[in-house]
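Analysis of the macromolecular model
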Amino acid sequence: MPKKLIETFSVEWLQILDEDGNCDEELRPSLDNEQVKKLYEWMVLARTFDDKAFKLQREGRLGTYASILGQEAAQIGSAYALRPTDWMFPAFREPGASFVRGLPMRMILQYWAGDERGSQIPEGLNDFPITIPVATQIPIAVGVALAAKAKGDAIAALAFMGDGATSKGDFHEGLNFAGVFSAPVVFVCQNNQWAISVPLRRQTAAKTLAQKAVAYGFPGVQVDGNDVFAVYRATREALDRARAGMGPTLIECLTYRLGDHTTADDASRYRSGEEVERWKKKDPIDRLRKYMEKGGLWDKSRDQALRSQAKEKVESAVHEVESFPAPDAVDMFRFTYQDLPVDLREQMDGFLNANGRRGLRE
């Protein structure tokens, strides 16, 4: 019996803004000048926050922190495409996206300082809190998307992940389920080339991560993750597609983690300085600034003023979070179980008695 070709596939690549700030105007998304400036402002704020958070950790004022240096466009471009009614599911390297969504900066600082009040998302903000276990946010995002579909809500869910997440079972189960049930969900993978110390070539033999979507029956696209225009356009189109009932999309944002995996890591032990320097030339903030300068939208004085304002915002948030009263230690008992097991109730009673708080039991 002769062989026959059952299926073929292709993966689109999208770049609109190159490293020198040159733009393909035919592909440029429909953003006015003020929106372009806003994208730049968000990216500068995210990097300013990142720099301060790193310093706070080194001073012992934060716990372990995961830097976003170099990945600002992948976060800002995708989050900017969301509507307030959409749901966002971050991993642990998306503070820039959270700022766009309106999460108070002090909550990100609280989280990394070990204060769980940083996970108490404000009412009305359709975001889930930071997720540390790799890829576990993916099936949850699919479930929320399916619930919205069942209710007839014209919304979409967006789940962030890193390239390392694509090697986890939660990724494959989540994408398979989303494909089968045509869930209105968009998966944004920030492929920063390294899953801690494991390079991408040791994770997959596939040429792209985007093509993994094909196995689950929906499109995958690879974009220049340091090009905020490309990220925004691809995400907006995927969200529109999801809300229209056409199912999920996987977007692979090809970017680079310029810093260490976290402040508990030393990336110089497993990657070369030459590699880092090559990617610094692709800096997402520099290329958008060059584009705006070429178009007369930006100049050095505006840039200096913006960076000064960003520092003031970050310092204000640091002061706010460090002025907060310490959390009540008994909260670890109050908010873990609906009904405390006997052994934990005994521990709570012992703690309360030892601190002269016998009257408090719930």
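The notes below deal with the structure included here.

Quick notes on the rules
Residues numbered from 1 in each chain as written. Predicted model: local features only at pLDDT ≥ 70, side-chain atom pairs only at ≥ 80, totals over all residues. Heavy atoms only, no water. Helix = DSSP H or I, 4+ residues; strand = E, 2+ residues; numbered from the N terminus. Rg over C-alpha atoms; globule rule 2.2 N^0.38 Å. Buried < 20%, exposed > 50% of the residue type's maximum accessible area, 1.4 Å probe, protein only. Phe/Tyr/Trp six-rings, centres within 6.5 Å; stacked < 30°, edge-to-face > 60°. Lys NZ or Arg CZ within 6 Å of the ring centre and 35° of its normal. Expected span 1.5 Å × (residues − 1). Contact = heavy atoms within 4.5 Å. Pairing = 2+ DSSP bridges. Axes fitted to C-alpha atoms, helices over the stretch in contact; angles between N-to-C directions. Core = buried A, V, L, I, M, F, W, Y, C linked by side-chain atoms within 4.5 Å. Patch = residues over 30% accessible without salt bridge, like charges linked within 9 Å, V, L, I, M, F, W, Y side chains within 5 Å. Areas by Shrake-Rupley, 256 points an atom, 1.4 Å probe, with all protein chains shown as cover. Salt bridge = Lys/Arg side-chain N within 4 Å of Asp/Glu carboxyl O. Right-handed = clockwise from strand over helix to strand, strands pointing away. Parallel < 35°, antiparallel > 145°, perpendicular 65-115°, else oblique. Left-handed = near helix turned anticlockwise from the far one by under 90°. Nonpolar A, V, L, I, M, F, W, Y, C, P; charged D, E, K, R; others polar.

For the protein chain, the helix and strand inventory stands at 12 helices and eight strands. Over its C-alpha trace the protein chain gives a radius of gyration of 22 Å, about what one expects of a compact globule, namely 21 Å for 362 residues. Along the longest, intermediate and shortest principal axes, the C-alpha atoms of the protein chain span 75 × 65 × 45 Å. A total of 362 residues make up the protein chain; the buried ones form 51% of that total.

Overall, the coordinates contain 13 aromatic pairs when judged by the stated rule. Residues Tyr40 and Trp298 carry aromatic rings whose centres are separated by 5.3 Å and whose planes lie at 70° to one another, so their mutual orientation is edge-to-face. In this pair, Tyr40 sits in helix H1 (residues 33-58) while Trp298 sits in the loop between helix H9 (284-294) and helix H10 (300-323), placing the two residues 258 residues apart along the sequence. Judged on exposure class, the residue Tyr40 and its partner Trp298 are both buried. An aromatic cluster of at least three residues, connected via ring pairs, comprises Phe49, Tyr65, Phe99, Tyr111 and Trp112. Lys38 extends its terminal NZ or CZ atom over the ring of Trp42, reaching a point 5.0 Å from the ring centre. Sitting above the plane of the Trp279 ring, Lys282 keeps its charged end 5.4 Å from the centroid.

Time to look at H10. The terminal C-alpha atoms of H10, which comprises 24 residues, lie 35 Å apart, in line with the 34 Å expected from a rise of 1.5 Å per residue. All buried positions along H10 are accounted for by Asp303, Leu306, Ala310, Val314, Ala317, Val318 and Val321. Taken together, the buried residues of H10 touch H1, helix H4 (105-112) and H9.

It is worth spelling out the sheet that holds strand S3 (residues 157-162) at this point. The six strands lie next to each other as S1-S7-S8-S4-S3-S2, forming an open sheet whose pairing is parallel. A strand with exactly one partner marks an edge of an open sheet, and here the two such strands are strand S1 (12-14) and strand S2 (87-89). Going from strand to strand, the sheet's axes swing by 20° on average, the running direction of each strand aside. Bridge analysis of strand S7 (residues 220-224) against strand S8 (residues 249-254) gives five bridges, and the strand direction is parallel. If you follow Gly220 over to S8, its bridge partner there is Leu250. Sitting on the sheet, helix H6 (residues 169-180) touches S3, strand S4 (185-191) and S8, and the angle it makes with S4 is about 150°.

Attention shifts here to the nonpolar core. Counting 68 residues, the largest nonpolar core has Phe49, Val223, Phe229 and Leu288 as the members making the most contacts within it. With sequence-adjacent residues up to four places away left out, Val223 is seen in contact with Trp13, Leu14, Ala230, Val231, Ala234, Ile251, Glu252, Cys253 and Leu254. Formed by 23 residues, the second largest nonpolar core is a distinct cluster that contains Phe89, Val185, Phe187 and Leu200.

A contiguous nonpolar surface patch, about 300 Å² in accessible area, is contributed by Phe177, Val180 and Phe181. Here Val180 lies in helix H6. Exposure remark for Val180: the relative accessible area of 57% places this residue in the exposed category.

Time to look at the pattern of salt bridges. By the definition in use, this model includes 23 salt bridges. Across the pair Arg47 and Asp283 runs a salt bridge, and its minimum N-O distance is 2.8 Å. Taken together, the positions of Arg47 in helix H1 and Asp283 in the loop between helix H8 (273-280) and H9 put the pair 236 residues apart, joining distant regions of the chain. Each member of the pair Arg47 and Asp283 is classed as buried. With a closest N to O distance of 3.0 Å, Lys52 and Glu315 form a salt bridge. Of the two residues, Lys52 is situated in helix H1 and Glu315 in helix H10; the sequence distance between them amounts to 263 residues.

Most of S8 sits inside the fold, with five of its six residues counted as buried. Two strands pair when backbone bridges link them, and S4 and S8 are joined in this way by six bridges, in the parallel orientation. Its bridge partner being in S8, Gln190 is matched across the sheet by Cys253. Read from S7 through helix H7 (residues 228-243) to S8, the crossover connection turns out right-handed.

The contact between H1 and H10 brings their axes to 9 Å, and the two run at 50°. Taken together, the axis directions place H1 and H10 in an arrangement best described as oblique. Handedness of the H1/H10 crossing: right-handed. Two secondary-structure elements touch here, H1 through Lys37, Tyr40, Glu41, Val44, Leu45, Thr48, Phe49, Lys52 and Leu56 and H10 through Arg302, Asp303, Leu306, Arg307, Ala310, Lys311, Lys313, Val314, Glu315 and Val318. The class makeup of the residues in the contact of H1 with H10 is nine nonpolar, one polar and nine charged.

Burial within S4 is extensive, with seven of its seven residues counted as buried. Side-chain alternation along S4 places Val185, Phe187, Cys189 and Asn191 on one buried face and Val186, Val188 and Gln190 on a second face that is also buried. With six bridges joining them, S3 and S4 adopt parallel strand pairing. Counterpart to Ala157 in the pairing with S4 is Val185. Viewed along the sheet, the connection from S3 through H6 into S4 turns out right-handed.

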